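Working through the structure, step by step
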Amino acid sequence: MATATSPNSLLLRNPNRSTTIRFGKNPNPSRVNGVNLSSGRRYKPISITCSTTQVECPPTSAAQSLDRVFNFAAGPATLPENVLKRAQSELYNWHGSGMSVMEMSHRGKEFLSIIQKAESDLRALLDIPSEYAVLFLQGGATSQFAAIPLNLCKRDDPVDILVTGSWGDKAFKEAQKFCKPSVIWSGKSEKYTKIPSFDGLDQNPDAKYLHICANETIHGVEFKNYPTPKNKDALLIADMSSNFCSKPVDVSKFGLIYAGAQKNVGPSGVTIVIVRKDLVGNAQEITPVMFDYKIHADNNSLYNTPPCYGIYMCGLVFEDLLAQGGLKEVEKKNIRKAQILYDAIDESNGFYRCPVEKSVRSLMNVPFTLEKSDLEAEFIKEAAKEKMIQLKGHRSVGGMRASIYNAMPLAGVEKLVAFMKDFQVRHA
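Structural notes, computed from the coordinates. As the structure is a prediction and not an experimental result, all values here were calculated from the model.

1. Quick notes on helix 8 (residues 327-346)
- Compared with the 28 Å implied by 1.5 Å per residue over 20 residues, the 28 Å span of helix 8 between its first and last C-alpha is a close match.
- Looking only at helix 8, the buried set comprises Leu327, Val330, Asn334, Lys337, Ala338, Leu341, Tyr342, Ala344 and Ile345. An end-on view of helix 8 places all buried positions within 155° of arc, on one side of the element. Turned more than 90 degrees away from the buried face of helix 8, the exposed residues are Lys328, Lys332 and Arg336.

Below is the structure:
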């Protein structure tokens, strides 16, 4: 019986097949529409030329391939289809090296080129100043709930924490073991549906830092601007796990930014920390070696074996974001997708409801409920039959949640909205 094949499956069988690298419609990912993305930046993306096996990346399409679902999971989440196809074609023999990225020594020249380019492209995307170190770590953003106070505080130092959702609350509870944190505002009593006015915050003038979660994945609350610490010497710290690289950010306003990669920029297993270099090197004596930022900064994220393949995948995503025109263009796409979905909810005459205050609704995670809660299970079941999966809300809040990260195509949101309208007609 004959077996159907695809260009990618043939490439895996014949890794020496010669093709050409392209990023979308643009063969040079550092230039878009004639604009040099690295112009005026402190860091320029590194160009790496391969002498043998090359890979053709199809352009990012508005629609999904027929054999794939629209995955609305909160994380691990959907990845760009063209990035996945490139990874597939490079899996067996990376750039003629005779081995997969998964087999490389993390100290070999091949992987060094991968991690260096990933860092360079991330610096270009976020315009990260040279005064900041970029670390590719492990342990998830949750590990940073302990690592941050261990590196930036003494045991008796006060810190302020804004709790706008479950992740801010977890950061507070972990910090209690290593410093003296105070919750200066919590949205728990209102079920985490809003963000307070910054002017009224009762900040400690001696606080070492002010910690926020920039986007609460579970509750769908996102900071549209950022507070300023009352103490002029204090730092602003942000967990940006679920909106990392979804829009431009002025890194210089923060002492430290951290994010798990598995929502917007890669697979699970990579944690990215962007930290001002003068803050590194003052860890508490009890700090485990794997939590010490100085160890990782001094070793360029290669103190021990890092999550090599995950970092490689992040690098491919960074290239893809640059090829799209950078984060300003990415943000425009995200605003459009979110607006379409929120409009469908708000214009449903109460059949669908989003509990979050409109001014702070997340562009990434859209929670909503049904007027008739007994229909929610049927909604999720029918959506899955239409190849739209992972729409069930977090177990702690229920309802539904559509995570529409960078890699979710517009077609996915449009299909969801069409389904929602049809479901309402049939069940209203």
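2. A few points about the environment of Arg107
- Tracing the backbone shows Arg107 in the loop between helix 2 (81-90) and helix 3 (109-126).
- Within the structure, the side chain of Arg107 is placed 3.2 Å from the backbone oxygen of Tyr303, a separation counted as a polar contact.

3. Side note on the packing of helix 2 against helix 7 (residues 308-323)
- Across the interface, helix 2 lies against helix 7 with an axial gap of 10 Å and an inter-helix angle of 135°. Relative to helix 7, the element helix 2 lies oblique. In this structure, the crossing between helix 2 and helix 7 has a hand that is right-handed. Residue-level contacts link Asn82, Val83, Leu84, Arg86, Ala87 and Glu90 of helix 2 to Tyr309, Tyr312, Met313, Leu316, Val317, Glu319 and Asp320 of helix 7.
- Class assignment of the residues belonging to the contact of helix 2 with helix 7 gives a composition of eight nonpolar, one polar and four charged.

4. Some thoughts on the sheet that holds strand 14 (residues 365-370)
- The strand order 13-14-16 describes an open sheet built from three strands, whose pairing is antiparallel. Of all the strands in the sheet, just strand 13 (352-353) and strand 16 (400-403) have a single pairing partner and so form its edges.
- Here strand 13 runs beside strand 14; their pairing, made up of two bridges, is antiparallel. Each residue of the ladder has a partner; that of Tyr352, found in strand 14, is Leu370.
- Sheet contacts for helix 8: strand 13, strand 14 and strand 16; angle to strand 14, the most-contacted strand, approximately 15°.
- Contacts from helix 9 (residues 376-385) reach strand 13, strand 14 and strand 16 within the one sheet, and its direction differs from that of strand 14 by about 125°.

Rules and cut-offs
- Starting afresh in each chain, residues are numbered from 1 along the sequence in its written order.
- Local features in this predicted model are restricted to residues whose pLDDT is 70 or higher, and side-chain atom pairs enter the listing and the counts only when it is 80 or higher, whereas totals over whole chains, interfaces and linings include all residues.
- With hydrogens and water excluded, all non-hydrogen atoms of the structure serve as input to the side-chain values.
- Counting from the N terminus, the helices are DSSP H or I runs at least four residues long and the strands are E runs at least two residues long.
- By definition here, a helix of n residues has an expected span of 1.5 Å times n minus one.
- Burial classification: accessible surface area is computed with a 1.4 Å probe over protein chains only, and a residue below 20% of its type maximum counts as buried, one above 50% as exposed, and the rest as partly exposed.
- Relevant arc is that of directions from the helix axis to the C-beta atoms, nothing else.
- As used in this structure description, the phrase polar contact means that two N or O atoms lie within 3.5 Å; if the pair is within protein, one of them must be able to donate a hydrogen and the other to accept it, and residues adjacent in sequence are counted only when both atoms belong to side chains.
- Lines fitted to the C-alpha atoms define the axes, with helices restricted to the stretch that makes contact. Angles between their N-to-C directions range from 0 to 180 degrees.
- Geometric relationships in this document are graded by angle, where less than 35 degrees denotes roughly parallel, more than 145 denotes roughly antiparallel, 65 to 115 denotes roughly perpendicular, and other angles denote oblique.
- Each crossing is labelled by how the near helix is turned from the far one, with a counterclockwise turn of less than a right angle marking it left-handed and a clockwise turn marking it right-handed.
- Contacts are residue-level and defined by heavy atoms, with any inter-residue pair within 4.5 Å sufficient.
- Residues are sorted three ways: Asp, Glu, Lys and Arg are charged, Ala, Val, Leu, Ile, Met, Phe, Trp, Tyr, Cys and Pro are nonpolar, and all the rest, Gly among them, are polar.
- Paired strands are those between which DSSP finds at least two bridges.

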